[in-house]
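Close look at the chain arrangement
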Amino acid sequence: MGVVRYSHDETGSTAVRYREGTGLSERKEEQGAVCSPLKERVPIIQVKNLYKIYKVGETKVYALGGVDFTMYRGEFCAIVGPSGSGKSTLLNMLAGLEKPSRGEIVIDKIHIEKMKENELVAFRRARVGFIFQSYNLLKTLNAVENVALPLSFRGMPRRKRNEIARKYLKLVGLEKQMNHMANAMSGGQQQRVGIARALAVNPRIIFADEPTGNLDSKTTMEILKLMRRIVREQNQTLVMVTHDNHLASYADRQFHIVDGKIFKIEECRHDEEEEIK
Ligand SMILES: Nc1ncnc2c1ncn2[C@@H]1O[C@H](COP(=O)(O)OP(=O)(O)OP(=O)(O)O)[C@@H](O)[C@H]1O
Ligand SMILES: [Mg+2]
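Residues numbered from 1 in each chain as written. Chains lettered and ligands numbered in written order. Predicted model: local features only at pLDDT ≥ 70, side-chain atom pairs only at ≥ 80, totals over all residues.

In this section: the site of ligand 1. Around ligand 1, the structure places 13 residues, and the nearest of them are Tyr54, Ala63, Ser83, Ser88 and Thr89. Taken together, the elements giving at least two residues each to the shell around ligand 1 come down to strand S4 (43-56), strand S5 (59-72) and helix H1 (87-94). The biggest single contributor to the shell around ligand 1 is H1, with 3 residues. Tallied by class, the residues present in the shell around ligand 1 amount to 4 nonpolar, 8 polar and 1 charged. (Near = placed C-beta within 6 Å. Helix = DSSP H or I, 4+ residues; strand = E, 2+ residues; numbered from the N terminus. Nonpolar A, V, L, I, M, F, W, Y, C, P; charged D, E, K, R; others polar.)

This part is about the packing of helix H3 (residues 143-152) against helix H4 (residues 158-171). Where H3 contacts H4, the two axes come as close as 8 Å, and the packing angle between them is 125°. Taken together, the axes of H3 and H4 are oblique relative to one another. Seen from above, H3 lies across H4 with right-handed handedness. Here H3 contributes Ala143, Val144, Val147, Ala148, Leu151 and Ser152 to the contact with H4, which in turn contributes Arg161, Asn162, Ile164, Ala165, Arg166, Tyr168 and Leu169. Partitioning the contact of H3 with H4 into residue classes produces 9 nonpolar, 2 polar and 2 charged. (Axes fitted to C-alpha atoms, helices over the stretch in contact; angles between N-to-C directions. Parallel < 35°, antiparallel > 145°, perpendicular 65-115°, else oblique. Left-handed = near helix turned anticlockwise from the far one by under 90°. Contact = placed C-beta atoms within 7 Å.)

Right, dumping it as structure tokens:
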């Protein structure tokens, strides 16, 4: 008998099992051994020495002042910090919505800081989903039409995209509201539509900027729980911006940002079966 420990080799693909007995120590390599939480540490977002400098008249505003980090596939990451700390600037840059002044952003092995605008548009359509604070739904379209909209940009036929839209609306618990107009839904329901719309394109990464900012605390928890469950099930990476430390604590890791700098990256341990109360 002895304590069995697991770790990963540098590639993250082979688990290595260690058996430690009293006075004895045996090392045994096993392909595919269970190795959570280090399992599948595949980098998906890599940021190196990232700067965003705005010029306001004669003054320079360092919205981001040298940021470095890696986010992994399947992770739920929260970017947390006070108002004006640079959260939205960072998120917009990771999503290819704004160009950095300096530094590197590698998404899924592709350098996006070198891309031209038309390449960035294609990148966003293919790999990224967005969830906004203000939902950004088209009010005169129903739930299915709103979720199906991003798929129409891919030239998908209506029947197929409506089928996919219905599948994701079901996933977010809106089976009964599929044909409701967006402006006839509650805030929580509209944000569920927003989540379904982000997921419908099956993105590797989902970016969410204060996604629960307009919701009451009970609905906030429901939405947070829903997002966390879905991205875990689909092994997607969720990057959520919030000014709320409590909400951020439900992520796998918290990236604390102040004055355009990440000053702490905190790992949060959650039980697999943990329920958000
Ligand atoms: N277009 C711009 N021109 C000049 N300064 C800007 C611009 N956009 C952002 N900034 C500045 O960059 C800093 C970071 O702004 P950012 O919007 O990223 O903050 P935030 O953390 O998202 O804040 P909030 O929680 O209020 O949304 C702020 O000082 C802001 O004034
Ligand atoms: Mg912001």
